[in-house]
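Understanding the architecture of this molecule
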Amino acid sequence: MRRLLVLALVGAVLGVAFLLPAPPDPREPLTGLIIEPPGLASPEDAGIWYCPWAQSTALRDTVFGVVSLEEAQAAFTFPVTIPDEPDDAATIEVPGPGAANLALSLVAQRGDSPGFVELSAGPGAIAATVMGDAVLAADSCVASGPRTWHFPGGSTMPGEHLTLRLFNPFPDPAKVTVTGVSDIGVEALPELDNLAVAARSWRDVDFTTLLRQRQNLVITVSAAAGVVVPAMVFGTESDEDWWPGVGEASEWEFPVARVQGTDAYLVVHNPGLGPVEVVVDLMTPGGPVMEAFNASVAPSAPVRFDLSAYPGDPLAARLVSTGGPVAAAVVAKGEGGVAVMPGVPAASSTWLLPGLRRVPLHAASLWLLNAASEEAVSATVGVLGRDGSSGQTVVVPPGVPVQVDVTSADAAGILVEASGPVTVAWTIRGPSGLAFSAASPVAVDGE
Amino acid sequence: MTAQTVPQGPETLEAVAAVVVAESAERLGACLSAVGRQVYGPAQVFVIGGGARVRAAAARHEVLWRPHLRAVVTSLAPETVFVWMLHDRSLPRPDALLALVRDGARAEASIVGSKVLDAADPSVLVSVGYATDVFDAPYTGLQPGEIDQQQYDVIRDVAAVSGASMLVRLDLLRGLRGLDPSMAPMAAAVDFCQRARLRGARVVVVPSSEILYAGREVSAGWRERAGEIRAMQKVYSPVTLAWAVPLAFLSGLAESLAGPFLGRFPLFGFLGGWLWNLLFLPSTAVQRWSARRGRVVGDEELFRYQTGGSARLRVLYDQGLERLRARFPEGVLSGFGDALEAGQQRLRRPAVVVGLAVVAFAVLATRDIWTAGLPVSGFSLPPPVSASDALGAYAGGWNPAGFGSPEVLRPEVAATALLQAVSFGSRGAAVALLIVASFLGGAIGTGRLLRIWGIGPVAGYLAGTVLMAGPAASALAGGGAWTPMVALGAVPWAALGALAPWPARWPRRLGRAAGMVLAAGVVGAYAPAALPLPAVAVFLWALVGRGRRWGAALLAPAAAAGAALLLMPWVLYADLGALYSGGGAAYWSPGWLLAVAGAALVLAVAAGDPAVSAVAGWGGLLAAGGTLLARSGEWGLGEEAQQVGLMAVALGMAVVVGAALEAGARRRRIGGLKGTAGWLSAAAAVILVGATASLAVPGRAGLPQDRYSGLLAFATAAGDSGSRVLLFGPHEDLPGSSRDFEGLGYRVLSPPYPETWEAHLPAPRLGDEALDRLLHELLGGKVRRAGERLAAFGIGWVAFTEPSPLEAIFGAQLDMVPLRGLAVPAFRNEEPAPEAYGPGGTPWSREGTGYRRPEGAPSGPVYVAANADYRWGPGRWSQVDWANQVDTAGTAVRFAGHSGRRLLAVGSAAWLTVLAALLGVGWWGRRRER
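Throughout what follows, the structure given in this document is the object of discussion.

Rules behind the numbers
- Each chain carries its own residue numbering, running from 1 in the written order of its sequence.
- A letter from A marks each chain and a number from 1 marks each ligand, given out in the order of writing.
- At least 70 in pLDDT is required for a residue's local features to be given in this predicted model, at least 80 for side-chain atom pairs to be given and counted, and no such filter applies to totals for whole chains, interfaces and linings, which use all residues.
- Calculation of side-chain values draws on the structure's entire complement of heavy atoms; hydrogens and water are dropped beforehand.
- Numbering of helices and strands runs from the N terminus; a helix is a DSSP stretch of H or I covering at least four residues, while a strand is a stretch of E covering at least two.
- For the exposure calls, accessible area comes from a 1.4 Å probe over protein chains only, and a residue counts as buried if that area is under 20% of its type's maximum, exposed if over 50%, partly exposed in between.
- Contacts are residue-level and defined by heavy atoms, with any inter-residue pair within 4.5 Å sufficient.
- For accessible areas, the Shrake-Rupley method is used with a probe of radius 1.4 Å. Any residue's cover is judged against the shown protein chains and nothing else.
- His is not counted here, nor are the chain ends, while Lys and Arg score as positive and Asp and Glu score as negative.
- Note that the charge is assigned to NZ on lysines, CZ on arginines, CG on aspartates and CD on glutamates.
- The criterion for an aromatic pair is that two Phe, Tyr or Trp rings (for Trp, the six-membered ring) have centres within 6.5 Å, with stacked assigned to planes under 30 degrees apart, edge-to-face to planes over 60 apart and tilted to the rest.
- By definition, no residue in a patch forms a salt bridge, and every one has over 30% relative accessible area; like charges are joined within 9 Å, nonpolar side chains (Val, Leu, Ile, Met, Phe, Trp, Tyr) within 5 Å.
- Each reported salt bridge corresponds to a side-chain nitrogen of Lys or Arg within 4 Å of a carboxyl oxygen of Asp or Glu.
- Here a cavity means grid points, on a 1 Å grid over the protein atoms only, where a 1.4 Å probe fits yet cannot get out; a pocket means an open set of points with protein on both sides within 12 Å along at least five of seven lines; lining residues are those with an atom within 4 Å of a point.
- Grid points are joined across faces, edges and corners, and a volume is the space filled by probe spheres set on the points.
- Classes in brief: Ala, Val, Leu, Ile, Met, Phe, Trp, Tyr, Cys and Pro nonpolar; Asp, Glu, Lys and Arg charged; the others, Gly included, polar.
- We treat two strands as partners when DSSP finds at least two bridges between them.
- All axes here are fitted lines through C-alpha atoms, helices being fitted over the stretch that makes contact, and every angle between N-to-C directions spans 0 to 180 degrees.

Below, the discussion takes up the overall build of chain B. In terms of helices and strands, chain B carries 36 helices and 26 strands. In terms of its C-alpha atoms, chain B occupies a principal-axis envelope of roughly 120 × 60 × 60 Å. Classification of the 930 residues of chain B by burial places 56% in the buried group. Sequence separation of 24 or more characterises 74% of the internal contacts of chain B that already satisfy a separation of 6 or more. Element-wise, carbon and sulfur atoms account for 61% of the exposed surface of chain B, whose accessible area totals about 37000 Å². Distance from the positive charge centre (82 side chains) to the negative charge centre (69 side chains) of chain B: 6 Å.

Structure (structure tokens):
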């Protein structure tokens, strides 16, 4: 009896033990979190901007324009490729809202000096303007970007040069693949497959010798490992311009496509697998010209729209593609100047134009385009300087590009705040050359 | 007889057929002539074996030739009663056969053998029957070159007779199917005689029958060894085989190692023998079934004519002694020889053999730990390098886990440090000693515990192996912590102290009480959550046991209370709730062996006598309760509660195994169905004992494979930078405990791996919260210079135990360099990140839990990346964010310590000293009684 009781007790305890349910599985680590793979994604309030094209020599210098809506410190870092040499660095204070400039020659004079700028507060934006003997190249530095960059607008006809800059600001070596398409189709570039770019370094690819006599060359850069910030430089004998690459979008706006005394063309590249239909509306001072161009753009066969068919300056444009996203840029050439500007993919009500300032003997202007709305939009153009901002209000009618000249001697940058979404760009023109640059949008809640 | 008798003329014995096993035609002739001169000649003479020349020689002598013995048996005359088997090297005296038949019949023997003399010198004895050792190696008992002076001339039973002259009853020969043709001659003879004895046949030697033998009768070649192993496998019971086969292997190995020193090289024979047996295992199994099928006696009969120990090792020993005697004068070695002889007497007892086997098992099961070191994985972490630093940290010092804390360290840190101090400061030696001692202690303790209720030492020691290496112990060690194994080894001693009969005299009572408290203290130090376990076990015995119970149920909790005093100051500050609920949820999934244990339990309870049944029931209750505790995650209990449960299961299973083996051993006494149940329960217990081999094979005492010994070595490859590693991974994959970041575990540690004092992270403080905030900032994409931010935490490296999406965040940092080619994803912080630095960023080096200024470095404010505490000094202390800054002119900064806790720790040490002294009193008292 006793034995039975003991066995029964043991059995009962074991029964309870085996009836106990298993605890729930532990939560899968990082569930529900979206962790972006490494790329160029600048933190919202403390931006890091990458300026892949900057030079300081005896004949040219680069001026970095910094704007910020909050008081911030801008820390510049220019990597030095000599082992164990410390990077060149500089720091400037930016009032909020305000702007400031830094000349590269004050930090380093060693030719090419791509770098990056860390803003301690924001929103802010950086631009780099290279100016000197027969060069005026300007564009916004890059805070964010896609994994695949497109550079429409290149050309290697006689008298032209085209150079791709691959800048790796990170401590991790990168590998990229560079491909190209042109008017003759897909270009064979086996030597640009899995191109290594050392950590905190850069390398240049000269297409002038690699792909001669290409009129309509579109270069695409994809990162296989690591992250690079590419930039393209296109020049003639009298001027050159640089521009960052773009991603793909179904709509592109060009607040300025052509200025007086220049010929311009719009280049569209279809990176997809099937043809897309592209419609281009032109914006003139007299109003929009709807569907000024429409074409079917085949994959890997860039199309050039010659804007000289439409007289009248200035000229803005809007491109819409159906059937797939495209990459697009505008190229303007005139006597003594060449400018390239990729399109602006989205409108915003607030824009920053760092580096736009009055330059002696040069005309600096900003361009506003209201292409999305049927109502006029009023925009406050604020001049940002070391002492804060001051502004004027302009009305931007729909479909008409509005030019605002920069006349203030204190301007080191511009802030545009509009009542509705607009796209903004800026130009500088003068003896040094011609430069187009898109402005930097500021994300506003609700947009 | 030593003189040749003159043959009176042949007289035919109708009943005998002679069979000569021939290899050589030359020798055959002489043998056949000797057979032909027998006073009483055999009716038929056959020759078997050999080639064409042997066959021709047989024809010349007008005797029949057959290929093998089976063919002879079918050719025998119907009236044949005996078969006389000889070798061709045998030269029987004319009256040899007569003596065999006459004296063999008088002794009613079924197998009769002759006295064998050396053909080269007939006065020299070769053999007078054989004993064997337990491994079936033949043993003559004669000195080399011993002269025949009729000193062995008496008919006696022996284990085996030589195949040189063996008279066998034909019916027995048929029943046993003759000698095994795959075996060498001597092994085949031993095997045949054993199989005969298993059938109840008598094997005797008749010294009046004399054979002259040309050449060596017994060879030490691999065929003989192989035959001996096969002979063992054929006749022994499974229980005997379970220990005899491993011991045979070890004995052969020992002979192989010792032999070369005496000019012998048995290694190849040893290896060849075992390999041959592996190949012939299937046929051995078939023959075993045939051999044991008709048995009428058990292994005890086989043991009757066996010598203790190993015959081969004895031969080696004798040889060695001879050589020593030749070197040293008479008298020097006689005392040594006497002591060894006494030791050999002890060795003949099965308990001693099994005890030695347990020692060998413990050494084997832990060999990796004492040769290569502790595997670093989970909570299996080595102790700190400096024992004094560990003791200082325990006694009110700084807890260095994570970003540090004044929280009290676990008592295992201090206990191991004490042992390390007496192990010449070697932490490896201390851990190895602890683990091996726990294995041995657990096994021996279980044996002693079970002996209280009359369970024999063999069953007890085997039960002890199940305690330390059975399925529950495997699960316990497999969880990745070595300290509970030490505690497990002490549990039976803590229970034994309360349950064993209380000594009569005060000195022994004091010693017993001190021993109990010390054993419970070891349990509590190495598995604090298990401190109540011995008391609970004793209480359960009080519920279901027999005899003295309730007094023990009072003693055990008192011992636990006394042991708690040894755990000061930890026991005063421990968060018991967190102790039992922390870590992963308790949920042990036992394997099929628990069912085997259950079967053993039921059968032992049913079959055993009241004492054995009660013990089995107690073990079952322990195991059941332990299983319940180990699966109670649903009730909020955690990892340490599961460990306690597993320890209870291990103890319970061991007790059940001991009871089951004892029930099996007593089956003959009990008889009937109960006897059968006893045998079955023993069989189930043998399965559980056999399962312990799975823990022994890897040699890591059941601990998981090493993971971290070299994994983070990259962080110290260029020397100790004084920086920490931030390690991410699943919680169960990280060393020690970890914090949680969105379901992913992480912790900081000092490379190359954490030590025991870093195993358990203290409650989060300012630094931990700050790091958590930083990690969330990183996740939000708000930081691009993580290196600079991590440097403030002294973090110079970030690593992942496995690929993780979180790597993307660190890969996007401007000052974190990914390291390629490593076993795990890792990033190096480009910013200097020492845990402590002085003016100019000069890193201060770690010294215990403090930091020291490097030679020549300027003095001044020191930043210490540890959780802020005003007791850091000496110098003016201030808090910098979450960390410390100490403005000191000295060369070192450290945590000043908690004086109260230091006092408590000293008190514990004093109490330990008192207990040790009382233990000594008890030992003295025991000696006096003897």
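We now examine the overall build of chain A. Secondary structure summary: chain A contains two helices and 35 strands in total. Along the first, second and third principal axes, the C-alpha set of chain A runs to 115 × 55 × 50 Å. Long-range contacts, defined here as pairs at least 24 residues apart, represent 79% of the contacts in chain A between residues at least 6 apart. Roughly 17300 Å² of accessible area belongs to chain A as shown, and the carbon and sulfur atoms make up 54% of that amount. Here chain A carries 20 positive and 47 negative side-chain charges, and the mean point of each set is 9 Å from the other.

Glancing now at the packing of aromatic side chains. All names here are of chain B. Evaluation of the coordinates by the stated rule reveals 33 aromatic pairs over all chains. Where Tyr236 meets Phe303, the ring centres are 6.0 Å apart and the plane angle is 50°; that geometry is what we call tilted. Of this pair, Tyr236 sits in the loop between helix H7 (222-235) and helix H8 (238-258) while Phe303 is found in helix H11 (residues 299-303), placing the two residues 67 residues apart along the sequence. The exposure class of Phe303 is partly exposed, given its relative accessible area of 31%. Ring centres 5.2 Å apart and planes at 55° place the aromatic pair Phe403 and Trp882 in the tilted group. Of this pair, Phe403 sits in the loop between helix H16 (387-394) and helix H17 (411-422) while Trp882 sits in the loop between strand S24 (876-880) and strand S25 (883-888), and the two are 479 residues apart along the sequence. Accessibility expressed as a relative area gives 2% for Phe403, which makes it buried. Judged by its relative accessible area of 3%, Trp882 is buried.

This brings us to a nonpolar patch on the surface. Among the surface-exposed residues, B:Phe249, B:Leu250, B:Leu253 and B:Leu257 lie close enough to one another that they form a single nonpolar patch of about 350 Å² accessible area. By secondary structure assignment, the location of B:Leu250 is in helix H8.

Moving on: unusual backbone geometry. Residue B:Pro569 is bonded to the preceding B:Met568 through a cis peptide linkage, with omega at 0°. Mapped onto the secondary structure, B:Pro569 falls in the loop between helix H24 (550-566) and helix H25 (570-573). B:Pro874 follows B:Gly873 through a cis peptide bond whose omega is 0°. Take B:Pro874: it is sitting in the loop between strand S23 (872-873) and S24. Of note in the backbone geometry, A:Asn194 takes a positive phi value of approximately 55° without being a glycine.

Turning our attention to empty space enclosed by the protein. Residue and element names in this part refer to chain B. Throughout the structure, instances matching the rule amount to four cavities of 30 Å³ or more. Computed from the structure, the largest cavity encloses a volume of approximately 180 Å³. Along its surface, the largest cavity is lined by 17 residues, and Arg225, Glu228, Ala248, Gly252 and Arg312 are the ones closest to its centre. Of all the secondary-structure elements, those providing two or more residues to the lining of the largest cavity are H7, H8 and helix H9 (267-279). Broken down by class, the residue content of the lining of the largest cavity amounts to seven nonpolar, five polar and five charged.

Right, let's get into the environment of B:Leu744. Within the secondary structure, B:Leu744 sits in strand S15 (residues 744-749). For B:Leu744, a relative accessible area of 5% gives the class buried. Apart from residues lying up to four places away in sequence, B:Leu744 is in contact with A:Pro29, A:Leu30, B:Phe728, B:Gly729, B:Pro730, B:His731, B:Arg739, B:Ser804 and B:Leu806.

Now for the pattern of salt bridges. For side chains of opposite charge, pairing can occur when their charged atoms come near one another. Residues and elements named next belong to chain B. Per the counting criterion, the structure on display carries 41 salt bridges over all chains. Close ionic contact of Arg53 with Glu26 constitutes a salt bridge, the shortest N to O distance being 2.5 Å. Linking Arg53 in helix H2 (residues 52-60) with Glu26 in helix H1 (residues 25-36), this pair joins segments that are 27 residues apart in sequence. For Glu26, a relative accessible area of 53% gives the class exposed.

Residues and elements named next belong to chain B. Taken in spatial order, the six strands of this open sheet run S14-S15-S13-S16-S18-S17, and their pairing is mixed. Each edge of the open sheet carries a strand with a single partner, namely strand S14 (739-741) and strand S17 (816-819). Here the strands of the sheet are splayed against their neighbours by 25° on average, with no regard to which way each runs. Sheet topology note: the strand S16 (residues 795-800)/strand S18 (residues 826-829) ladder contains three bridges and is antiparallel. Residue pairing across strands places Ala799 opposite Ala826, the latter belonging to S18.

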